[in-house]
Amino acid sequence: PTVQNNTFVFVYRGTSVVPHAKMSELAAGLGETLSYEESPSCLYQGLDKDYTYAGFKLRTYPENGVDYVLNICFTDDSVATPEGIMLGSTRSEVEAAYGTSFTEQNGNMVYTKDKTELRFRFDGDSVSAIEYWAITE
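Remember, predicted model here, so these are calculated numbers, not experimental data.

Calculation criteria
Residues numbered from 1 in each chain as written. Predicted model: local features only at pLDDT ≥ 70, side-chain atom pairs only at ≥ 80, totals over all residues. Heavy atoms only, no water. Salt bridge = Lys/Arg side-chain N within 4 Å of Asp/Glu carboxyl O. Helix = DSSP H or I, 4+ residues; strand = E, 2+ residues; numbered from the N terminus. Buried < 20%, exposed > 50% of the residue type's maximum accessible area, 1.4 Å probe, protein only. Pairing = 2+ DSSP bridges. Axes fitted to C-alpha atoms, helices over the stretch in contact; angles between N-to-C directions. Contact = heavy atoms within 4.5 Å. Disulfide = S-S within 2.5 Å.

1. Digging into the pattern of salt bridges
Moving on, step 1. Enumeration according to the criterion identifies four salt bridges in this entry.
Moving on, step 2. Residue D67 is joined to K49 by a salt bridge in which the shortest nitrogen-to-oxygen separation is 2.8 Å. Of this pair, D67 sits in strand β6 (residues 66-74) while K49 sits in strand β4 (residues 47-53), and the two are 18 residues apart along the sequence. With respect to class, D67 is no different from K49; both count as buried.
Moving on, step 3. The shortest N-O distance in the salt bridge between D50 and R59 comes to 2.6 Å.
Moving on, step 4. Exposure remark for R59: the relative accessible area of 29% places this residue in the partly exposed category.

2. Concerning the sheet that holds β6
Moving on, step 1. Strand order in the open sheet made by the eight strands is β3-β4-β5-β6-β10-β9-β8-β7, with antiparallel pairing throughout. Strands at the two margins of the open sheet, each flanked by one partner only, are β3 (35-40) and β7 (103-105). Each strand of the sheet is rotated relative to its neighbour by a mean of 25°, with strand direction disregarded.
Moving on, step 2. Examined bridge by bridge, β3 and β4 share six bridges and lie antiparallel to one another. Along β4, the bridge assignment pairs S35 with T52.
Moving on, step 3. Relative to strand β8 (residues 108-113), helix α2 (residues 91-98) is tilted by about 10°, and along the sheet it contacts β7, β8, β9 (116-123) and β10 (126-134).

3. Observations concerning the state of the cysteines
Moving on, step 1. One pass over the structure, following the stated rule, counts zero disulfides.
Moving on, step 2. No disulfide involves C42; its nearest neighbouring cysteine sulfur is the one of C73, lying 18 Å away.

4. Examining the pairing of β4
Side-chain positions along a regular strand alternate between the two faces of the sheet.
Moving on, step 1. Within β4, five of the seven residues are buried, which leaves it mostly tucked inside the rest of the structure.
Moving on, step 2. The antiparallel pairing of β3 with β4 creates a hairpin that spans six residues between the two strands, and G46 there sits at a positive phi of about 125°.
Moving on, step 3. Where β4 and strand β5 (residues 56-63) come together, five bridges link them in antiparallel fashion. Bridged to D50 within β5 is R59.
Moving on, step 4. Between β4 and β5, which pair antiparallel one after the other, the connecting turn spans two residues, and G55 there sits at a positive phi close to 95°.

Following this line, the structure appears as structure tokens:
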């Protein structure tokens, strides 16, 4: 799998989006958002921020006045992981791309690298959700 500093990476419009990355360093490369929302953070001092782009949503968490990528959630099949997995891919395609070293958590197939997770949820044999997560504890 594609890694950067031993983490999972999502690439959008040539910009590598990594959980825990500074949002300020990604914003220009990601382009205009379709929508933006913010709310008081439940876990951190400051605001959680939600950015919606074509094909995915991105949430940040605040730490010491800086916004970091918490998670990336695919919203349609117009985007894919660098390994070619998208909503609608099969379980066997996921295992072919990422291997069988995963855990099952709440019905999700979860791959872990360093302080990041890549989660796949299925509806039958078809991928119904793809999420990249920063492990923050």
